[in-house]
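For reference, the chains in residue letters:
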Amino acid sequence: VKKWWHSSVVYQIYPRSFNDSNGDGIGDLKGIIEKLDYLKNLGIDVIWLSPVFKSPNDDNGYDISDYEDIMDEFGTLEDMELLLKEANNRGIKILMDLVANHTSDEHKWFIESRKSKDNAYRDYYIWRDPVDGHEPNDLGSTFSGSAWEWDEATGQYYLHLFSKKQPDLNWENPIVREEVWKSMNFWIDKGIGGFRMDVIELLGKIPDEKIISNGPMLHEYIREMNRNSFGDKDLLTVGECWGATPEIAKMYSNPDGSELSMVFQFEHIGLDQIPGKDKWDLQPLNLIDLKNVFHKWQTCFHDDGWNSLFWNNHDTPRIVSRWGNDKVYKIESAKMLATLLHGLKGTPYIYQGEELGMANIKFKDINQYKDIETLNMYKDRLNKGYKHEDIMESIYAKGRDNARTPMQWSDEIDGGFTTGTPWIEVNPNFTEINAKEQVSNPNSIYNYYKKLIEIRKNNEVIVYGDFEMLLPEDKNIFAYVRTLKDSKIVVVCNFYENEVEYNIPKEYEEKKEVLISNYGLSLTGRLRPFEAIMYRV
Ligand code: GLO
């Protein structure tokens, strides 16, 4: 069965860094409204809005203190209603970011919960007695250190899989689940287009057994959520699931509609870290591994699941710096990576600035960084004896602030993001990479993305066609063919900066119609640095 979100393209906004309308250095909802025409022109259908709810910003809004109100710095509930209206007027739907694994410690539930052991809200969170005077077990927080925080007043520990200002909700408590459904319905009634669900795979955790991801009750909870909120509405729901396998993904995105629309899984994104270590421990990407992972996810679903396509989000480094070349070949490599991804099956997500080829940042001083994950890791590794220079290399490669420097709107001061002092410094390359220049330049990365989106809209084969990998053994080229009935589209990408020769099977040789390419006329059997071409055969 066809769904509207099969052919949609989603654009992720990180509101803090998108556009500041009032000069306080922080992006806001009115700032987003000002840029809706820019997004409309790009051709996207859906905005995923990273959290805009009330929050003390320990983790930039992923620590929510009120699910039914807006962060002061971003505006008011009226501004949010206006944004929904203005977006809907342009045919753009808005996904809210549902962060329901944890709240802020400043949420009224937690303020109550920590008051006493017999408080009515105590069981909203996960409290445990000490074991031999220590933490109940050795579970670690994603943001470094123990996942257990001692609470002197009541003599117990509470669980926080992220920062200690992000206590985990107790999903085993049915009242907690009802509270979550209630807030979801609050937003559904306001006319949102759906939800992106933060770390959804953690909801079924059993901390005492150190089961964190994919716990036994997880899918039960998601089905209960579905029945009690969006199940009978035609919304887009996407689960952030780091550890999904195709089998798990089929449960989440079962077309019977019992759970979510699609998964957002990260297998390809983890390929440049040392297996078994964490994201800061780097290894070079092997293209064959990348091809294998895409091949697996492109062919695992028949009519029984749906995937997202992405290179970037607010947690990952900029793709042009990561797997492209952000110096000599920044335009070519950004376009190549876009071509590779946008010819695949799944719902594409574009992260703000990706459509301009925005690049990673290298701050000299650790204090220029703002991200709690980065700052905690820095301290933790220094204590463990790592060298400052090595830690900085990891941060340059993987730090989340790479994705969080402000949008580069123009070549004016601070890239036109704010008239005040930006909350995090703007990447100094804004004079060269900015939206104003690119919107009017027909050869820009922006206009290339715009064309890729159009191609998807006009070619059902890109939405629904079968996938076949070509040249699977080739170490430099990523090539594939998409087939739907008698329509066939071939994509050939040189992933590196050396010229390469290749022999494609005869039947795919003749380019009947070139749909898009990042060089002028293409050659036969040879690809220039980062050359990409998509054509009909
Ligand atoms: C990633 C989230 C991340 C949040 C975390 C806590 O895993 O997208 O940005 O920091 O989930 O909510």
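The rules behind the values
Residues numbered from 1 in each chain as written. Predicted model: local features only at pLDDT ≥ 70, side-chain atom pairs only at ≥ 80, totals over all residues. Heavy atoms only, no water. Helix = DSSP H or I, 4+ residues; strand = E, 2+ residues; numbered from the N terminus. Rg over C-alpha atoms; globule rule 2.2 N^0.38 Å. Buried < 20%, exposed > 50% of the residue type's maximum accessible area, 1.4 Å probe, protein only. Contact = heavy atoms within 4.5 Å. Areas by Shrake-Rupley, 256 points an atom, 1.4 Å probe, with all protein chains shown as cover. Near = heavy atom within 4 Å. Polar contact = N/O pair within 3.5 Å; in protein donor to acceptor, adjacent residues only side chain to side chain. Nonpolar A, V, L, I, M, F, W, Y, C, P; charged D, E, K, R; others polar. Domains from an automatic or database assignment. Buried area = accessible area lost by both parts, 1.4 Å probe. Pairing = 2+ DSSP bridges. Axes fitted to C-alpha atoms, helices over the stretch in contact; angles between N-to-C directions. Core = buried A, V, L, I, M, F, W, Y, C linked by side-chain atoms within 4.5 Å. Expected span 1.5 Å × (residues − 1). Arc of directions from axis to C-beta. Disulfide = S-S within 2.5 Å. Salt bridge = Lys/Arg side-chain N within 4 Å of Asp/Glu carboxyl O.

### With respect to the overall build of the chain
A tally of regular secondary structure across the chain gives 15 helices and 20 strands. For the chain, whose C-alpha radius of gyration is 23 Å, the value lies close to the compact-globule estimate of 24 Å for 537 residues. Principal-axis analysis of the C-alpha atoms places the extent of the chain at approximately 75 × 50 × 50 Å. Relative to its full complement of 537 residues, the chain shows a buried share of 60%. For the chain, restricting intrachain contacts to residue pairs at least 6 apart in sequence, the fraction spanning at least 24 positions comes to 69%. Surface exposure of the chain reaches about 21,100 Å², of which carbon and sulfur atoms provide 48%.

### Side note on the site of the ligand
Every one of the 16 residues lining the ligand counts as a neighbour, but D59, H102, D198, H314 and D315 are closest to it. In this structure, H102 approaches the ligand through a side-chain N or O atom, which is 2.8 Å from an oxygen atom. One of the side-chain N or O atoms of D315 is found 2.7 Å from an oxygen atom in the ligand. Protein coverage of the free-state accessible area of the ligand, which is 320 Å², stands at 96%. A per-class count over the shell around the ligand returns six nonpolar, three polar and seven charged.

### Describing the domain arrangement of the chain
The domains assigned to the chain are domain 1 (4-101 + 175-449), domain 2 (108-159) and domain 3 (465-536). The C-alpha-based centres of domain 1 and domain 2 are spaced at 29 Å. The interface of domain 1 with domain 2 comprises 17 residues on the first partner and 14 residues on the second. The three residues of domain 1 that bury the most area against domain 2 are E179, P207 and K210, which together make up 34% of that side's buried surface. Along the contact surface separating domain 1 from domain 2 lie five residue pairs in polar contact (both at pLDDT 80 or more). Broken down by secondary-structure element, the contributors of at least two residues to the side of domain 1 that touches domain 2 are α5 (174-189) and α11 (372-383). Ranked by the residues each element gives to the side of domain 1 that touches domain 2, the list is headed by α11, at five residues. Among the residues forming the side of domain 1 that touches domain 2, the class breakdown is seven nonpolar, two polar and eight charged.

### Here we look at the sheet that holds strand β18 (residues 513-517)
Strands sit in the order β14-β15-β16-β20-β18 across an open sheet of five strands; the sheet is antiparallel. Every interior strand has two partners, whereas the edge strands, β14 (466-470) and β18, have only one. Between one strand axis and the next, the sheet turns through 20 degrees on average, direction left out of account. Where strand β15 (residues 477-484) lies against strand β16 (residues 487-494), eight bridges are found, and the strand directions are antiparallel. Residue pairing in the sheet places R482 in a bridge with I489 of β16. This element, helix α14 (residues 445-458), spans β18 and β20 (532-536) of the sheet and lies at about 140 degrees to β18.

### Quick look at the nonpolar core
Grouped together as the largest cluster of nonpolar side chains are 150 residues, with contacts concentrated most on Y11, I44, L49, M80, M96 and Y252. Counting residues per element, this core draws most heavily on α14, at seven residues. Counting residues in each nonpolar core, the second largest holds 15 residues, with L470, V490, V500 and I504 among its members.

### Some remarks on helix α3 (residues 77-89)
Since the α-helix turns once every 3.6 residues, residues separated by three or four places project in the same direction. The first and last C-alpha atoms of α3 sit 18 Å apart over 13 residues, in line with the 18 Å expected at 1.5 Å per residue. For α3, the complete set of buried residues consists of L77, D79, M80, L83, L84 and A87. Buried positions in α3, seen along its axis, are confined to an arc of 155 degrees and lie on one side of it. Exposed positions of α3 whose direction lies more than 90 degrees from the buried face are E78, K85 and N89. On its buried face, α3 is in contact with α1 (29-34), α2 (36-42), β2 (46-49), β4 (66-70), β5 (93-98) and α5. Downstream of α3 by one or two residues, G91 has phi in the positive range, about 75 degrees.

### Focus: the pairing of β14
Bridging between β14 and β15 involves five bridges; their strand directions are antiparallel. Paired with L470 across the two strands is A479, which belongs to β15. Counted between consecutive antiparallel strands, the loop separating β14 from β15 contains six residues, among which L471 sits at a positive phi close to 45 degrees.

### Brief notes about the state of the cysteines
For the coordinates displayed, the defined rule picks out zero disulfides. There is no disulfide at C300, and the cysteine sulfur nearest it, in C241, is 12 Å away.

### Structural notes on α11
Helix length check: α11 (twelve residues) gives 17 Å between terminal C-alpha atoms against 16 Å at 1.5 Å per residue, within 8%. Those residues of α11 that sit buried are I372, E373, T374, M377, Y378 and R381. Where the residues of α11 are buried, they touch α12 (388-398). G385, located one to two residues past α11, shows a positive phi value of around 100 degrees.

### Section: the environment of L521
Topologically, L521 is positioned in the loop between β18 and β19 (526-527). Residue classification places L521 among the exposed positions, given a relative accessible area of 76%. The spacing of L521 and I533 is twelve residues in sequence and 9.9 Å in space, taken between C-alpha atoms.

### Let's talk about the pattern of salt bridges
Per the counting criterion, the structure on display carries 45 salt bridges. Of the charged contacts, one joins D79 and K30 as a salt bridge, the two residues approaching to 3.7 Å between their closest N and O atoms. With a gap of 49 residues between them, D79 in helix α3 and K30 in helix α1 connect regions that are remote in the sequence. What makes D79 buried here is its relative accessible area of 13%. Under the relative-accessibility criterion, K30 is labelled partly exposed at 46%. Taking the shortest distance from any N to any O, the salt bridge between D232 and K233 comes out at 3.0 Å. For K233, a relative accessible area of 38% gives the class partly exposed. When salt bridges that share partners are traced, they join D59, K279, D315, D371, E373, R400 and R404 into one network.

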